[in-house]
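Observations on the three-dimensional arrangement
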Amino acid sequence: MTMIHQPASPITTSNATYELRLYGASQTDKTLVGHANLKCINEIRLAGPYLIDVIDLMKPPQLAAEDQIIAEPTLVGLDIQPLRN
Amino acid sequence: MAQLSKAPTGIKGLDEITGGGLPAGRPTLICGAAGCGKTMLAMEFLVRGATEFGEPGVFMMFEENAEELTANVRSLGFDLNKLAEQKSILLDYVHVERSEIEQTGAYDLEGLFIRLGHAIDSIAAKRVVLDTIEALFAGLPDQAVLRAELRRLFRWLKERGITAVITGEKGEATITRYGLEEYVADCVIILDQRIADQICTRRLRVVKYRGTSHGTNEYPFIISERGFSVLPITSLQLDHEASPARVPTGIPRLDEMLGGKGVFRGSSVLVSGSSGTGKSSIGAKFIDDACRRGESALLFTYEESSAQIVRNMRSIGIDLEPWVNDGLLQIHASRPTLQGLEQHLVMMHDAVNAFHPSVVAVDPISNLTLERDDSQVKATLMRLIDFLKHQQITTLFTSLNSGGDATLEDSQMGVSSLMDTWLLLRNVEFNGERNRTIYVLKSRGMAHSNQVREFVLSDDGIDLVDVYVGADRVLTGTARVAQEAHERVAAEVGRQDHQRKLLQLAGKRKAIEAQILALQVEAESETAAVDLAIAQQALHDRNTLQSTRAMEQLRGGDTVRNGQGKEI
């Protein structure tokens, strides 16, 4: 799984809610595993509430270009520093 | 077996080298060091595909963004914004920034596939450029994943029947830095940029082309405002047509020396001589005459600027300016040291292709070859000459011979064997002055004069005059004029002498005639005397006979008989 930190994105969470986007290509194994792992990590490590937006790249395919996604699955944190593995 | 189908690049020289273009439906790798023109080549392939062959294309870039690229290729005359609006080209900038990416666990590049697939579908693209996919190696740390994914990407492109161009940076020991050639094995083209004597020459080589024959040499190319241009390999064939039509040289007496009609159309003429022998003037006259006939002409000059040529040629009555203004004549003036010989030739090639002239003059070709290896020069010149012959363009090259008179016939480039007609100009120094002479050293396929002519430049233009060839020497200039005057006097004296002799002879004859008359008169009087004598004798005889008979009668004797007993 790759993760992208986008400092250019507008800050949407002022009340310390972590807003995360997980990009995946349909329901592949890697996406499902990634999603499960992410939930697990968030429950343990994150202090505040979080929001995971799972986006299927196949449905609106232009999103891959707009959000500069090349790898799958990719997690984009909208207002956080990149996570270390 | 069916020929491998090819996607033409629209870059003329390249299509000739590859026998029709890049392999259709397969990926091609273009690699080279930084700044050697990889992106330009890839872009031209895409733009020409969209504009000339009706094949839309996707340009996926990893290093520059769309705005930067659009600005960069505008200098080549490509308007990407317009093409993007027409949906014939799609630019897609993939942003990969190592510092923004963390990786964990398993992942693949499906996102890129989806993205490319979507771009291809949205304009029904047939061509794809990935410039340069190596940026992924820098952006994504896991090379094992990347390599597996690249393999999948190229297979996927092949399955979709996409003609792809992948650019790659030149590596230390390998063709590309990250070994892309392992994945893209159908066609590999290397671009190279080399400096020799501080002059840079760009070269292109097709290293590999599966399933087809291709030119394997290095071919020089340039990137100009008309885009990419590769000097093609027409010299591999020697099959150009030979026209029987003749082109006058602009100097009537010279045409006279060349079988009365000038040189063959599409042939090459070399005018060589040391400095100041009038080579450029012959070139200018040739150009001027072509324009006068309404044919277009192209003049490459490496010594004088175009304004200087126009001014200087006016002094011998050749005005080139109207032709330039009418668009019949184009003058390309540049310094030979501007670029290497190959690049000059590519440039000439380009100019000829754009202008389609019927005659070309290069003044002088020797400047292009300064301090160059002869064999290389010959090969490149041969390409140019063959190309011009193929186009049925009559070409005049001037060449400066350095050194003394002894080496005049040594064409310093060894190109004389490539020339159909060779005019040699030489200075004759004699009697305190220097005069120009011209002769036809060779002219293939026509009877040509073996005479040396004096070559005279005046306000009225160029003219050729017979030289004085005496018993022991050739005279030119004032010596010739003096000799001619001398001969005129001598001829006059001779004529008068002859007249006098004739008169003398006539008098003598008349005297003889008078003598003949006198003798005739004498003869006639002699004849008369003879007649008189005969008559007198006869009269005498008759009288004698009569008196004898009278006596006989008087005597009454016998009849006197003669010897036969007959009566008289």
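Okay, so let's go over this structure.

Parameters at a glance
- Residues numbered from 1 in each chain as written.
- Chains lettered and ligands numbered in written order.
- Predicted model: local features only at pLDDT ≥ 70, side-chain atom pairs only at ≥ 80, totals over all residues.
- Heavy atoms only, no water.
- Pairing = 2+ DSSP bridges.
- Helix = DSSP H or I, 4+ residues; strand = E, 2+ residues; numbered from the N terminus.
- Core = buried A, V, L, I, M, F, W, Y, C linked by side-chain atoms within 4.5 Å.
- Buried < 20%, exposed > 50% of the residue type's maximum accessible area, 1.4 Å probe, protein only.
- Contact = heavy atoms within 4.5 Å.
- Axes fitted to C-alpha atoms, helices over the stretch in contact; angles between N-to-C directions.
- Parallel < 35°, antiparallel > 145°, perpendicular 65-115°, else oblique.
- Nonpolar A, V, L, I, M, F, W, Y, C, P; charged D, E, K, R; others polar.
- Phe/Tyr/Trp six-rings, centres within 6.5 Å; stacked < 30°, edge-to-face > 60°.
- Buried area = accessible area lost by both parts, 1.4 Å probe.
- Salt bridge = Lys/Arg side-chain N within 4 Å of Asp/Glu carboxyl O.
- Polar contact = N/O pair within 3.5 Å; in protein donor to acceptor, adjacent residues only side chain to side chain.

**Here we look at the pairing of strand E21 (residues 433–443) of chain B**
All names here are of chain B. Note that strand E20 (residues 421–430) and E21 share 10 bridges and pair antiparallel. What sits directly across from Leu423, in E21, is Val440. Connecting the antiparallel pair E20 and E21 is a turn made up of two residues, with Asn431 showing a positive phi of about 60°. Looking at chain direction, E21 and strand E22 (residues 453–458) are connected through three bridges and run antiparallel. Paired with Thr437 across the strands is Glu454, a residue of E22.

**Remarks on the nonpolar core**
Residues and elements named next belong to chain B. Among the nonpolar cores identified, the biggest contains 40 residues, and Phe62, Leu116, Leu130, Leu136, Leu153 and Leu157 are the most heavily contacted of them. Among the secondary structure elements, those contributing two or more residues to this core are strand E3 (27–32), strand E4 (57–61), helix H5 (110–123), strand E7 (127–131), helix H6 (135–139), helix H7 (143–159), strand E8 (163–169) and strand E9 (187–196). For Phe62, the contacting residues outside a window of four places in its chain are Tyr93, Val94, Val96, Leu112, Leu130, Asp131, Thr132, Ile133, Ala135 and Leu136.

**Regarding the packing of helix H2 (residues 38–52) of chain B against helix H3 (residues 66–74) of chain B**
Residue and element names in this part refer to chain B. At a minimum axis separation of 11 Å, H2 and H3 run at an interaxial angle of 85°. Classified by the angle between their axes, H2 and H3 sit roughly perpendicular to one another. Taking contact as the criterion, the partners of Thr39, Met40 and Met43 in H2 are, on H3, Leu69, Asn72 and Val73. Class assignment of the residues belonging to the contact of H2 with H3 gives a composition of four nonpolar, two polar and no charged.

**A closer look at the sheet that holds strand E18 (residues 359–363) of chain B**
Strands pair in a sheet through their backbones, by hydrogen bonds, and they do so in one of two ways: parallel or antiparallel. Residues and elements named next belong to chain B. Taken in spatial order, the nine strands make up an open sheet running E17-E16-E18-E19-E15-E20-E21-E22-E23, and their pairing is mixed. Strands at the two margins of the open sheet, each flanked by one partner only, are strand E17 (329–333) and strand E23 (461–466). On average, each strand axis in the sheet is tilted by 20° relative to the strand beside it, whichever way the strands run. Two strands pair when backbone bridges link them, and strand E16 (residues 297–301) and E18 are joined in this way by five bridges, in the parallel orientation. Considered in E18, the bridge of Ala297 is made with Val359.

**What to know about the packing of aromatic side chains**
All names here are of chain B. Taken as a whole and judged by the stated rule, the model has two aromatic pairs over all chains. Between Phe113 and Trp156, the aromatic rings sit 5.2 Å apart at their centres with planes inclined by 50°, giving tilted as the arrangement. With Phe113 in helix H5 and Trp156 in helix H7, the pair connects residues that are 43 residues apart, well separated along the chain. An angle of 20° between the planes, with centres 4.6 Å apart, marks the rings of Phe221 and Phe228 as stacked. Judged by its relative accessible area of 5%, Phe228 falls in the buried class.

**A word on the interface of chain A and chain B**
Taken residue by residue, the interface counts 23 residues in chain A and 23 residues in chain B. Both faces considered, chain A and chain B share a buried interface measuring about 2,000 Å² in area, 59% of it formed by carbon and sulfur atoms. Inspection of the chain A/chain B interface yields zero salt bridges. The interface formed by chain A and chain B holds zero residue pairs in polar contact (both at pLDDT 80 or more) in total. Looking at the side of chain A that touches chain B, the elements with two or more residues in it are strand E1 (2–5) and helix H2 (62–66) of chain A. Per-element accounting of the side of chain A that touches chain B gives the leading share, four residues, to E1 of chain A. Each residue belonging to the side of chain A that touches chain B can be placed in one class, and the counts come to 15 nonpolar, five polar and three charged.

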